[in-house]
Structure formats: C-alpha cells, structure tokens
Amino acid sequence: MKKAIIIGGTSGIGRGLAELLIEHDWTVAITGRRIELLNEIKENAKNNILIQKHDITEINNSDEKMESLFSKLKVVDLVIVSSGVSELNQELNWEIENKLIETNVNGIAKVYEFIFSKFKKQGHGHLVGISSIASLRGNRHAPSYSASKAFQANYLEALRCIAKNEKLAITITDVQPGFIDTPMAKGEGLFWVASVKKASHQIYSAILKKKRKVYITKRWRVIAWGMKIAPSWVLEKI
Ligand SMILES: NC(=O)c1ccc[n+]([C@@H]2O[C@H](COP(=O)([O-])OP(=O)(O)OC[C@H]3O[C@@H](n4cnc5c(N)ncnc54)[C@H](OP(=O)(O)O)[C@@H]3O)[C@@H](O)[C@H]2O)c1
C-alpha cells in the first residue's frame, strides 16, 4: 500500500486529493491548523488515517511536525503540499502582505526543504507542490500572492534540477491551477471555475504519470500560453 502525506489537507484541493487517495487505498496522513476538520476527515475515512496539527508558519516546529509523520509511516512515497493563503491587496496593506509571505514563501520553503532532504535520505519520493497559474506574471490585484506563487514554481523547478543533476530518484510535480471552486477563488470575473472533484482527479492523474508540470484544468494551458506572451500593457489593464 502506497503512503502519502498531504500538507494542508483540511479543505479545498488538499482535502479533495486526500479523499481521492483514501478512496484508492493509499495510507494517508493529513495536516492543517484546523483540528476539528482533521478529526472530521478521520471519522469519515474508510481506512485508518493519520492526522497532525501543523501550522507551517511556525518555522521552528515545522520539521518536528513532519518528522513525526515520517517516523510513523516509515516510508513515504508521496507528499502533496497544498497549504496556502491568498488575499486581494492592491492597497499593499503590509499586515496582509507579511502574513502571505510568511505562509506561501517562508512556510512553504521550509516544508519543501525538509521533504526533499527526507526523500534524499530515503532514496526516493514524489513531491507535489500546488503553485498557481498566477505564478506566471505579476498581478496588481494580488501582488504578494502572484509573487509567492512564482517563488514556489521556481523553487520546485530548482529542486527538480537538483534531483536530476544528482541522479536522485525524486520526482517533482508543479501543479498550476486556474480557478478552483474553494474559498480561495476570490475576486470578480472568475471564469472556467472547476469543481474540487474535477481538479483532484486531474491532479491525481498527473501524479500517476509523474508529470513535471500540469495546468488544472487542462484548458488553462491556453491561458498560460497567453499570459506568457502578453505584453506588459495588457497586464496593466486587466
Ligand atoms: N482555489 C483556487 O482557485 C486556486 C488556484 C490556484 C492555486 N491554488 C492553490 O491551491 C492550494 C490550495 O488552496 P485551496 O483553493 O484548496 O484553498 P483552501 O480550501 O483555503 O485550502 C488551503 C489549505 O491551506 C491550509 N493552510 C493555510 N494556512 C496554513 C498554515 N499556516 N499552515 C498550514 N496549513 C495552512 C488550510 O488549512 P488550515 O486552515 O486548516 O490550516 C487549507 O487546508 C493553495 O496553495 C492555493 O494557493 C488555488
């Protein structure tokens, strides 16, 4: 039986993936800050699952929390990192920017670093990060969010380069969703909003195929292409 950890599995995409993995008989460990939601998932799961309260912004405890799961599971095949926050903040309110950077940059980097080191020691593993289509360009509505997602996407790419360069049996997948129907999809004019179920199935399929990068849903590949070639004046107007 394969074993997975979902960092940030209490709601949204992480929870959808956790439920899908449980359905496919994976042994699963789930983390997040909301213990009541972790308990709820555990009670409803058909298999015995592990839960762990873990706030990734508490950098000094972060390794310890993940180590506890790794030592209980012994071997971990897959870690999906779905934790994240988002906020529209064109006003550049510093409290909002700072909280977002603490979570999406510092917290996530610590988690990526720990998992990569564990996989290196273990000899194999698959790390899946959920960045975003927002990683492709700066977004005036959400400056720190778009920048933090670019950080994640580049970090994942760098880890993949290390793995290849050092001939490690570590797979890195960068998942770049467009809009998925969770509390995080904010703002006006949302389009092509996919259900968590559809997104989870497409992500699971990409995991099984060990894809380097995947847009969710698949049609967002077209938007990604447009975003990459769009001149700055177009972005300034959006
Ligand atoms: N929904 C979209 O349209 C969309 C689009 C592109 C990318 N994404 C990315 O997809 C990922 C999942 O988001 P979602 O849409 O599923 O939203 P969500 O339902 O709000 O899920 C966010 C998850 O992150 C966890 N989290 C937040 N802060 C945390 C912290 N300090 N420590 C540990 N866990 C923390 C939350 O758990 P607790 O609150 O229990 O800690 C929750 O499980 C995010 O990285 C997001 O940026 C989403």
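This report concerns the structure included in the present document. Since we're looking at a predicted model, the values are computed, not measured. (Residues numbered from 1 in each chain as written. Predicted model: local features only at pLDDT ≥ 70, side-chain atom pairs only at ≥ 80, totals over all residues. Heavy atoms only, no water.)

**What about the site of the ligand?**
As a structural note, the neighbourhood of the ligand is formed by 31 residues, with Thr 10, Ile 13, Arg 33, Tyr 145 and Thr 182 the closest of them. Ser 11 has a polar side-chain atom sitting 2.8 Å from an oxygen atom of the ligand. For the ligand, an oxygen atom lies 3.5 Å from a polar atom in the backbone of Gly 178. (Near = heavy atom within 4 Å. Polar contact = N/O pair within 3.5 Å; in protein donor to acceptor, adjacent residues only side chain to side chain.)

**Thoughts on the packing of helix H3 (residues 59-73) against helix H4 (residues 94-122)**
Where H3 meets H4, the axes come as close as 10 Å, and the angle between the chain directions of the two elements is 40°. Note that H3 runs across H4; the crossing there is right-handed. For the pair H3 and H4, the contacting residues are Ile 59, Ser 62, Asp 63, Met 66, Glu 67 and Phe 70 in the first and Asn 106, Gly 107, Lys 110, Val 111, Phe 114, Ile 115, Lys 118, Phe 119 and Gln 122 in the second. Partitioned by chemical class, the residues of the contact of H3 with H4 number seven nonpolar, four polar and four charged. (Axes fitted to C-alpha atoms, helices over the stretch in contact; angles between N-to-C directions. Helix = DSSP H or I, 4+ residues; strand = E, 2+ residues; numbered from the N terminus. Left-handed = near helix turned anticlockwise from the far one by under 90°. Contact = heavy atoms within 4.5 Å. Nonpolar A, V, L, I, M, F, W, Y, C, P; charged D, E, K, R; others polar.)

**Some details on the environment of Glu 40**
Residue placement: Glu 40 occurs in helix H2 (residues 35-44). Sequence separation of Glu 40 and Ala 109 is 69 residues, and the distance between their C-alpha atoms is 28 Å.

**Concerning the environment of Lys 2**
Following the sequence through the fold, Lys 2 ends up in the segment before strand S1 (3-7). Remark: the alpha-carbon pair of Lys 2 and Ala 158, spanning 156 residues in sequence, is separated by 26 Å. Ignoring anything within four residues of it in the chain, the contact list for Lys 2 reads Trp 26, Thr 27 and Asp 77.

**Considering the pattern of salt bridges**
Tallying each qualifying case throughout the model produces seven salt bridges. Salt-bridge contacts for Glu 40 lead to Arg 15; the nearest nitrogen and oxygen are separated by 2.7 Å. With Glu 40 in helix H2 and Arg 15 in helix H1 (residues 12-23), this pair connects stretches of sequence that are 25 residues apart. The exposure class assigned to Glu 40 is partly exposed, which follows from its relative accessible area of 33%. Close ionic contact of Asp 25 with Lys 46 constitutes a salt bridge, the shortest N to O distance being 3.0 Å. Taken together, the positions of Asp 25 in the loop between H1 and strand S2 (27-32) and Lys 46 in the loop between H2 and strand S3 (50-53) put the pair 21 residues apart, joining distant regions of the chain. Lys 46 sits in the exposed class, given a relative accessible area of 56%. (Salt bridge = Lys/Arg side-chain N within 4 Å of Asp/Glu carboxyl O. Buried < 20%, exposed > 50% of the residue type's maximum accessible area, 1.4 Å probe, protein only.)

**Structural notes on unusual backbone geometry**
Put simply, Ile 216 and Thr 217 share a cis peptide bond, and its omega is -5°. On the secondary structure map, Thr 217 appears in the loop between strand S7 (213-216) and helix H7 (220-229). Its identity as a non-glycine residue notwithstanding, Lys 74 has a phi of 70°, on the positive side. Looking at the secondary structure, you find Lys 74 in the loop between H3 and strand S4 (78-81). For Lys 74, a relative accessible area of 64% puts it in the exposed group. Despite not being glycine, Leu 92 shows a phi value in the positive range, around 60°. The residue Leu 92 is located in the loop between S4 and H4 in this model.

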